[in-house]
Amino acid sequence: MTIGSIKPVKEKKPRKSKQAVVDEQSPLLPTKHQEDGGFDEFNGASFSGAVFNLSTTIVGAGIMALPATMKVLGLIPGIVMIILMAFLTEASIELLIRFSRTSKSVSYGGLMGDAFGKYGKMLLQICVLVNNIGVLVVYMIIIGDVLSGTTSSGTHHAGVLEGWFGVHWWNGRFFVLLVTTLGVFAPLACLKRIDSLRYTSALSVALAVVFLVVTVGITVFKLINGSILMPRLLPDFYDLTSFLNLFTVVPVLVTAYICHYNVHSIENELEDGRQIRAVVQSALALCSSVYVLTSLFGFLLFGDATLDDVLANFDADLGIPFGSLLNDVVRVSYVAHLMLVFPIVFYPLRLNLDGLLFPSARPLTLDNSRFTFLSSGLIAIIFLGANFIPSIWDAFQFTGATAAVCIGFIFPAAITLRDRYGISTKRDRILCIFMIVLAVFSNLVAIYSDAYALIKKNSSPRE
């Protein structure tokens, strides 16, 4: 936990004197190259901007799946697990920060390369690609579903724009996503510094709070009316299968907290890099508070009828005054939130793809052609995936959750157990073994449960 033992060269301070500070080990970091005219006036990111950027990285689509974890675990264990996962996330990030400073690594990939060579770095980059592409495709699919509607099992669920204006060509899925991509995603993705997204990140967090406030208000109104039943406080399991099903929530919780791939980028842009641990703790405290309240009031509101994506519960009549208006407020605020989360998740995706394809090239921010090529190519892939692979959600559960636990738990634990510099403690090693066992076991159980449910579903009509 020696956060104070920072590398001796103070790279953050010279920013104010506008000197060029170049780290040969970090060819992808934009803020170390002050000779680029676009960065001359950048004196380092603020603490609040860093907190909002990291919070936006954390709070994405995962927030909508958390109330369903209450349905599986019950209210009390569910809240305990959300808080426990926040502490485990903070511990794993602290290990990354500590080993990065000892090894003088300025990126997650660089740290993996220091511990396990180029193949370790490549494995991390591939996991980030799998996780982030899956996440962004799901974001865009949800945006299309909410705004333009979707058809499931022969039933059409009208989108917000359809409800407001009726069915037209301009509020169809393809056109809405095209306008969103060109008008929102592309401009925000062109920003070369992650700190440039601090204002959109703050707005994104505010929109998540809007969703929370509306949910709390609806729940309190229905509690006063006496139309809410007492929720289950403890899990309901009666055999081995139902017991193993409890562990399926772990990948969901890990995915909800995954932010490790952006920690180094945010630290490198901080005016004082020593603040990074306080930034992480503040962001996790903010996000875990939002998660606990969303899960608590979402489960109170819908009970055992809570769906895997609680947003789908707001597609029906809530049985309260102005229910339709509140439904639209919840859905529109959530869509706007996802639009603003997109560039924060896209930033490390582009950075890691560049590192994988062009490991020896000059910094990406200094090569406009490469920057434009990678940005436009990735956005096009995500756009096509959202339009032509609308059933990506199941694939995301397998690939995204598996990649997420590697990024969040397995890789930090492996770096610590490798311990090239002899700085890990016995407590660190015990914690790392626990994280690896929890991550591997939970993912195996989740994959088994999903596969078993799928097989059972496909075989039932023939019985």
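- Going by what an unreviewed UniProt entry lists, the chain is known as Amino acid transporter AVT6A and is assigned to Nicotiana tabacum.
- Of the comments in the UniProt record for the chain, the one headed Subcellular location (unreviewed entry) reads "Membrane".

**Quick look at the environment of leucine 296**
Right, on to step 1. Mapped onto the secondary structure, leucine 296 falls in helix H11 (residues 276–302).
Right, on to step 2. Separated by 77 residues in the primary sequence, leucine 296 and threonine 219 have C-alpha atoms spaced 10.0 Å apart.
Right, on to step 3. Not counting residues within four places of it along the chain, the set of residues in contact with leucine 296 comprises Leu75 and Ile79.

**Section: the packing of helix H1 (residues 47–58) against helix H10 (residues 260–269)**
Right, on to step 1. Two elements in contact, H1 and H10, have axes whose closest approach is 10 Å; the angle formed by their N-to-C orientations is 165 degrees. On the basis of their axis angle, the class for H1 and H10 is roughly antiparallel. Crossing of H1 over H10 shows right-handed handedness. Note on element contacts: H10 touches H1 through Tyr261, Asn262, Val263 and Ile266, opposite Ala50, Asn53, Leu54 and Thr57.
Right, on to step 2. Residues of the contact of H1 with H10, tallied by class, amount to five nonpolar, three polar and no charged.

**Details of unusual backbone geometry**
Right, on to step 1. Residue lysine 104 is not a glycine yet carries a positive backbone phi of 60 degrees.
Right, on to step 2. Position of lysine 104 relative to the elements: it lies in the loop between helix H3 (75–103) and helix H4 (108–148).
Right, on to step 3. Among the residues examined, lysine 104 registers a relative accessible area of 39% and is labelled partly exposed.
Right, on to step 4. Phi angles above zero are rare outside glycine, and aspartate 419 is one such case at about 45 degrees.
Right, on to step 5. A relative accessible area of 17% means that aspartate 419 is categorised as buried.

Basis of the calculations
- Residues numbered from 1 in each chain as written.
- Predicted model: local features only at pLDDT ≥ 70, side-chain atom pairs only at ≥ 80, totals over all residues.
- Heavy atoms only, no water.
- UniProt positions renumbered as here; feature names shortened; annotations may be inferred.
- Helix = DSSP H or I, 4+ residues; strand = E, 2+ residues; numbered from the N terminus.
- Contact = heavy atoms within 4.5 Å.
- Axes fitted to C-alpha atoms, helices over the stretch in contact; angles between N-to-C directions.
- Parallel < 35°, antiparallel > 145°, perpendicular 65-115°, else oblique.
- Left-handed = near helix turned anticlockwise from the far one by under 90°.
- Nonpolar A, V, L, I, M, F, W, Y, C, P; charged D, E, K, R; others polar.
- Buried < 20%, exposed > 50% of the residue type's maximum accessible area, 1.4 Å probe, protein only.

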